[in-house]
Amino acid sequence: MTIRKRLTLRFTSLVSSILLLAFVSIYAFCWYFISSDFYRRLDRKANTTGDMLIRHRLDAQLIQQLGRIRKDQLPNQKIMVFDGRDSIIFLTNENIPITIPKSVLVDIRRNKQKDFQQHGYYLSGTRFMTASGQYVVIASAENSYGDEFLRRLLWALTGLFCLIAGMTAFSGWFFAGDALQPMQQIDQIVSDIFPRNRDERLVVRKENDEISRLSATINRLLDRVAESFRLQRMFVANVSHELKNPLTQISSQLEVSLLKQREPEAYRQTIRSVLDDVGDLAALTHELLQLSQVNQEDAVGLLTDTVRMDEIVWDIRDEVTAINSRYQVKIELGTLPDEPDQLAVQGNKTLLATALKNLTENACKFSDDGQALIHVNFALNKVTISIQNTGQSIPMADLPYIFEPFYRSRQTADVRGYGVGLSLVERIIRLHQGQISVTSTPGKPTVFSIDFPR
């Protein structure tokens, strides 16, 4: 069921329920008022007849004659008087077949008065106490005018209810369609955006209503989707390029070695060169595997270690200096807290070591003197690690893209690498709910700063 139909149905049901409650209340009030008024009139006639016949002992024929000449006769009026033995001692309008059960007479004697209906007639019974016994006077009549009024009122309210419900349904359908028209336009525009024109965006109106906020949210989502497509295309292109180079080299060397018979040493050189290219492919594949594993949401379940950051930086220094004898890593620790728990963060030791090792190795690799400085500061609610080096600064135009996979600036083109390390570092830090930032200006050290929450 569409939203338009649901809104129309709910709006119509709400209005119809209110109308039904109001109309039922009106009908019930009119029925109660008309019935009560008619019963009061019957009760007066029963009391008048009882007073004349039982208390004042007027002649029955005289009472009947007085009743016939009165102008306030009710339709098909009939009055019955019963003595203590439930025998009829007075009766008018004998042609109307109304019989009173003894149980009703017992109820009237017990309760003094009773109003009830029987076969379309309204009846009102009253008890009279005398020295000679208990008498019961019952007056009955048809409430022709009141019943007819109630029937017409019922038909009028039913017709009015149907008319208003129909108008409400039509109005609800119209207004729901008018309210949802912007949604239909959004649906049409978004359907046209992909895959035809990914640069097109929704029009955000000046009114700060739900549709405007939804359009703005969808535009931001489209921007992120477009950026994801761009990164995906760039990722595929870069991966293809990085894989193509060693594969081309391997193929070329093998083809050259097969062109003519060569010395064994030449074959050994070719095999060593091919092995180097295969090693590059293996290293690239390993980095891609690490990058994909950090992307997985299940990696959050790996953050179960309590990692001492002071210990891990010393391990990183030893590992980086062992890679190249030119590399030198200095460590500065801030004021150590009294509690050992403030030296640790919750996470995965292997992933954190990978991130810090990549940053430290890059700092040594791109430093003028091969040196890097690691500064660790322990605060109450976070641990800050800064890794800096002195060397050529990162161009300002490249700073927004250095954490993207396979992105390499022109100044690093002659340095061996794949452009995966910083992307891996950024995702590991983000996985640990941390933040990484970089500052690099000409003439000053380049600093990568990481904040880990505790």
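Definitions and limits used
Residues numbered from 1 in each chain as written. Predicted model: local features only at pLDDT ≥ 70, side-chain atom pairs only at ≥ 80, totals over all residues. Heavy atoms only, no water. Core = buried A, V, L, I, M, F, W, Y, C linked by side-chain atoms within 4.5 Å. Buried < 20%, exposed > 50% of the residue type's maximum accessible area, 1.4 Å probe, protein only. Helix = DSSP H or I, 4+ residues; strand = E, 2+ residues; numbered from the N terminus. Contact = heavy atoms within 4.5 Å. Phe/Tyr/Trp six-rings, centres within 6.5 Å; stacked < 30°, edge-to-face > 60°. Pairing = 2+ DSSP bridges. Axes fitted to C-alpha atoms, helices over the stretch in contact; angles between N-to-C directions. UniProt positions renumbered as here; feature names shortened; annotations may be inferred. Parallel < 35°, antiparallel > 145°, perpendicular 65-115°, else oblique. Left-handed = near helix turned anticlockwise from the far one by under 90°. Nonpolar A, V, L, I, M, F, W, Y, C, P; charged D, E, K, R; others polar.

*Asks:* Help me understand the nonpolar core, please; the structure alone is not making it clear to me.
*Replies:* Across soluble globular proteins, nonpolar side chains have a tendency to be buried as a group. If you look at the biggest cluster of nonpolar residues, it comprises 41 residues, and the most contacted ones within it are M309, I385 and F448. Elements represented by at least two residues in this core include exactly α7 (309–323), β7 (328–333), α8 (349–365), β9 (371–378), β10 (382–389), α9 (421–431), β11 (435–439) and β12 (446–453). Here this core takes 8 residues from α8, the largest share from any one element. M309 has contacts with L343, V345, L352, L356, F378, V383, I385 and F452, leaving out every residue within four places of it along the chain. Among the nonpolar cores identified, the runner-up in size contains 18 residues, and L53, L74, I79 and Y135 belong to it.

*Asks:* When you look at the packing of aromatic side chains in this model, what are you seeing that I'm missing?
*Replies:* If you walk through the whole model with that rule in mind, you get 4 aromatic pairs. A ring pair is formed by F38 and Y122, whose centres lie 5.3 Å apart and whose planes are at 70 degrees; its orientation type is edge-to-face. Here Y122 lies in strand β4 (residues 121–130) and F38 lies in helix α1 (residues 3–55), a separation of 84 residues in the sequence. Members of the aromatic cluster, each reached through a chain of ring pairs, are F38, Y39 and Y122.

*Asks:* Explanation requested: the sheet that holds β9 in the structure shown.
*Replies:* Remark on secondary structure: sheet strands pair via backbone hydrogen bonds, oriented parallel or antiparallel. Across the sheet, 5 strands lie side by side as β7-β9-β10-β12-β11; this open sheet has mixed pairing. At either margin of the open sheet sits one strand with a lone partner, and together these are β7 and β11. Strand after strand, the sheet turns through a mean of 15 degrees between neighbouring axes, direction not considered. Across 8 bridges, the pairing between β10 and β12 is antiparallel. Bridged to N389 within β12 is T446.

*Asks:* Could you clarify how one ought to interpret the UniProt feature "transmembrane region" (unreviewed entry) in the chain in this entry?
*Replies:* Those residues carrying the UniProt feature "transmembrane region" (unreviewed entry) are residues 12–34 and 153–176 in this numbering. For residues 12–34, the end-to-end C-alpha separation is 32 Å, with 100% helix and 0% strand making up the annotated structure. The annotated region residues 153–176 carries 100% helix and 0% strand content, and the separation between its end C-alpha atoms amounts to 33 Å.

*Asks:* Sorry, what's going on with the packing of α8 against α9 here?
*Replies:* The N-to-C vectors of α8 and α9 enclose an angle of 140 degrees; their axes lie 9 Å apart at closest approach. Compared by their axis directions, α8 and α9 come out oblique. Both α8 and α9 take part in a crossing whose hand is left-handed. Counted together, L351, L352, T354, A355, N358, L359 and N362 of α8 and G421, L422, L424, V425, I428, I429 and L431 of α9 form the full contact between these two elements. The residue makeup of the contact of α8 with α9, split by class, is 10 nonpolar, 4 polar and no charged.

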